[in-house]
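Overview (structure and organization)
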There are 2 protein chains.
Amino acid sequence: MNELWSALTNSITPYVPGEQPKNIDNLVKLNTNENPYPPAPAVFDAIKGAVNSSLRLYPDCNATCMIESLVRFYNIKHPNAKLDDSNFFIGNGSDEVLAFALRAFYGQERPLNMNDITYSFYTVYCDLFQIPYVIHPLKEDFTIDVDSFVNAKGGVIVTNPNAPTGIYLDIESIKKILDNHKKDVVIIDEAYIDFGGTSCADLVCEYDNLLIITTLSKSRSLAGLRIGYAYGNKSLIEGLNVIKNSFNSYTMDRIAQAAGAAAIDNWEYYDIITDKIIEDREILCENLAKMGFITLPSSANFIFTTHPDYHAKDIYDALRRQGVIVRYFNKPRISEYLRITIGDKEQNIRIVEALNKEFGL
Amino acid sequence: MNELWSALTNSITPYVPGEQPKNIDNLVKLNTNENPYPPAPAVFDAIKGAVNSSLRLYPDCNATCMIESLVRFYNIKHPNAKLDDSNFFIGNGSDEVLAFALRAFYGQERPLNMNDITYSFYTVYCDLFQIPYVIHPLKEDFTIDVDSFVNAKGGVIVTNPNAPTGIYLDIESIKKILDNHKKDVVIIDEAYIDFGGTSCADLVCEYDNLLIITTLSKSRSLAGLRIGYAYGNKSLIEGLNVIKNSFNSYTMDRIAQAAGAAAIDNWEYYDIITDKIIEDREILCENLAKMGFITLPSSANFIFTTHPDYHAKDIYDALRRQGVIVRYFNKPRISEYLRITIGDKEQNIRIVEALNKEFGL
């Protein structure tokens, strides 16, 4: 107990992010679901174009240029969603957007429902904001128990595809949850949606209680720039802005805004690298299956895999010895699984070679 | 009352930032205390050097490279402070650092004391975090009533030099407050310290309860990049990290970190432009005095000024007609004052010319 800290600071346990080694030159870094491919060339050009004396001036606190790009993008990719600039909110990474959203929509008066195995930051936010939460165990096969959410009191947050399992939840199930929570915000965290799932974007115009949150860190190769966004009914965006403007009006710097807009505009480049990642995920799964690994069906840029003959922690340590970093969670139900980010072809081969070398698989 | 929002979201009123016009080509923008000079050339180089494929990777969540620059800088400029890397915390603008600090150190159990005329975001944070606060009126001459803070129960936050008055509080007075609040964190917000005040940096090793917060938006010409930092005793930095890592682990992107480090390293460039701004402030004050304006003694990159014959709002509107934007606060005690950012020589002349044209002064 530190007497200079607030009671809250003394009572909470922060999130622990995945390791970010300083020097990755000799490492195959597959532990934090980064994209193996660089951002689109147009993103580099956009950043260079923003490097001028206007950096002395505050940025646009609404990130209008990025919102304009998003409106164009969704009108092409999800025309039925009928989204306009009042439907979007930009933040300093989807973690910040999630934090604002939890503070904006839940509280002592409305608890939050979430899965036992999901993004572990959600419970940390709840502790920070003193939001009561209810944990719903995934089924035995790691799929979501939809009925359990349907019958729950309060808000709902679901990662789709789920992390760290990679399993995708179909849109009909999400509609079932939305239909039974008309007075509560339902957040669908679509950080990994581009790698095989179908976004529930089209439901936004149908459900005022749906907020979708996603990130440019994964499919847009921009983890280094911290850009995430939410979209949903205008009144939810207004709620997010009330919280944001009570915390930090200028969350998005000029360069991130320019880069984010260029990344959204250049979706054709990203469609190509996303297809490569999906293809390479399937090849990696096949190779691991030949070695006896059992992998959950993934719609993400990572896989969640286990081996009947070896402890996950031992495999993690062995891969580490071979210069391959993956993610191991020492937690109930998943302590015999490893989460492996899909790298490029060469990196994926390095995993197979490392396993072969260490275990003769 | 929006039924999808939390009770808190329905109850708070967000901060309203100063206007940021989209196109400032024909405007003299002196309303948000930006620096009239561009960032150091080395900052541009540092950004360009960071534009590469590593943007696909998460940044260092501790902004180590920027902290290393700060340690070097303070060892040169404030060697008696004896600061090392455990004394610094970097955030996405000093607004974010302030938000984390208020959440980290105050709460229902410890109220926060502040001036009636000061940075208006402080009370917004308090409402967001449900921290009770006590308002201490400035004296008649707009100086701080130090004894009132000395005798107050709870934490203290003081902007020094104060905003929007520009008046500097001496270090002996700050020591008096610190001595009488050994069990509470005292935050000195030194956003404008480089323009004439003396930082209380040297007090950090003497007072475990002192946290200094500052920004690269003003004297470092980087409002567009969102970089602020706090420094103080190691245990206060740990408290800030508990809150930050419960909110958003990766607040500082790769480019902002590189630019921030370069801006700190290149302090010699900034010393030169700061001296120019101070010199031009004195010239502007003299010119305004000749026109009958009464200006508070400023140690900041702005002045707070009033005219006995004209209403501040009328002067504000007249300047606006002439393409000069300054800041007017329609608030008790200060509704007859204007806050004018110090521009470059040409911009400062534009103010004088505009006043002459409109009022024949």
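About the cut-offs
Residues numbered from 1 in each chain as written. Chains lettered and ligands numbered in written order. Predicted model: local features only at pLDDT ≥ 70, side-chain atom pairs only at ≥ 80, totals over all residues. Heavy atoms only, no water. Contact = heavy atoms within 4.5 Å. Buried area = accessible area lost by both parts, 1.4 Å probe. Salt bridge = Lys/Arg side-chain N within 4 Å of Asp/Glu carboxyl O. Polar contact = N/O pair within 3.5 Å; in protein donor to acceptor, adjacent residues only side chain to side chain. Helix = DSSP H or I, 4+ residues; strand = E, 2+ residues; numbered from the N terminus. Nonpolar A, V, L, I, M, F, W, Y, C, P; charged D, E, K, R; others polar. Domains from an automatic or database assignment. Core = buried A, V, L, I, M, F, W, Y, C linked by side-chain atoms within 4.5 Å. Buried < 20%, exposed > 50% of the residue type's maximum accessible area, 1.4 Å probe, protein only. Least-squares fit on C-alpha atoms with pLDDT ≥ 70 in both. Disulfide = S-S within 2.5 Å.

**Some details on the interface of chain A and chain B**
With 87 residues of chain A at the interface, the matching set in chain B holds 87 residues. Counting the surface lost from both chain A and chain B, the interface buries some 6900 Å², and carbon and sulfur atoms represent 61% of this. Our enumeration of links across chain A and chain B arrives at one salt bridge. Of the charged contacts, one joins A:Asp60 and B:Lys22 as a salt bridge, the two residues approaching to 4.0 Å between their closest N and O atoms. Where chain A packs against chain B, one counts 44 residue pairs in polar contact (both at pLDDT 80 or more). Contributions of two or more residues to the side of chain A that touches chain B are made by α1 (7-11), α2 (41-50), α4 (94-105), α5 (121-129), α8 (234-244) and α9 (254-265) of chain A. Ranked by residue count, the leading element in the side of chain A that touches chain B is α4(A), at seven residues. Tallied by class, residues from the side of chain A that touches chain B come to 43 nonpolar, 23 polar and 21 charged.

**Digging into the domain arrangement of chain A**
Residue and element names in this part refer to chain A. Taken domain by domain, chain A comprises domain 1 (7-38 + 268-359) and domain 2 (41-266). For domain 1 versus domain 2, the separation of C-alpha centres amounts to 24 Å. Buried area between domain 1 and domain 2, summed over both chains or domains, comes out near 2800 Å², and the portion from carbon and sulfur atoms is 61%. When the area that domain 1 buries against domain 2 is broken down by residue, the three leading residues are Tyr15, Tyr270 and Arg333, summing to 28%. Counting across the interface, domain 1 meets domain 2 through two salt bridges. Of the charged contacts in the structure, one is a salt bridge between Lys77 and Asp271, with a shortest N-O distance of 2.7 Å. Viewed at the interface, domain 2 and domain 1 are joined by 14 residue pairs in polar contact (both at pLDDT 80 or more).

**A word on the nonpolar core**
In terms of nonpolar packing, the biggest core is built from 192 residues, with A:Ile47, A:Met66, A:Tyr229, B:Ile47, B:Met66 and B:Tyr229 touching the most fellow members. The element best represented in this core is α9(A), accounting for eight residues. Residues in contact with A:Met66, not counting those within four places in the same chain, are A:Ile90, A:Leu216, A:Ile227, A:Tyr229, A:Gln257, A:Gly260, A:Ala261 and A:Ile264. One finds B:Tyr119, B:Ile187, B:Ile237 and B:Ile243 within the second-largest nonpolar core, a separate group that totals 76 residues.

**Considerations on the relation of the copies chain A and chain B**
With an axial shift of 0.0 Å and an RMSD of 0.0 Å, the rotation relating chain A to chain B amounts to 180°. Here the symmetry operator amounts to a two-fold rotation axis. Of the C-alpha atoms belonging to chain A, the one lying closest to the rotation axis is found on A:Lys48, 3.3 Å away. Both copies share a contact surface, since 100% of the interface residues of chain A are interface residues in chain B too.

**Structural notes on the state of the cysteines**
In this structure the tally under the stated criterion is zero disulfides over all chains. Free cysteine A:Cys126: the closest other cysteine sulfur is in A:Cys200, separated by 20 Å. Using a relative accessible area of 1% as the deciding quantity, one classes A:Cys126 as buried. Free of any disulfide, B:Cys65 has its nearest cysteine sulfur in B:Cys61, 13 Å distant. Given the relative accessible area of 34%, B:Cys65 is considered partly exposed.

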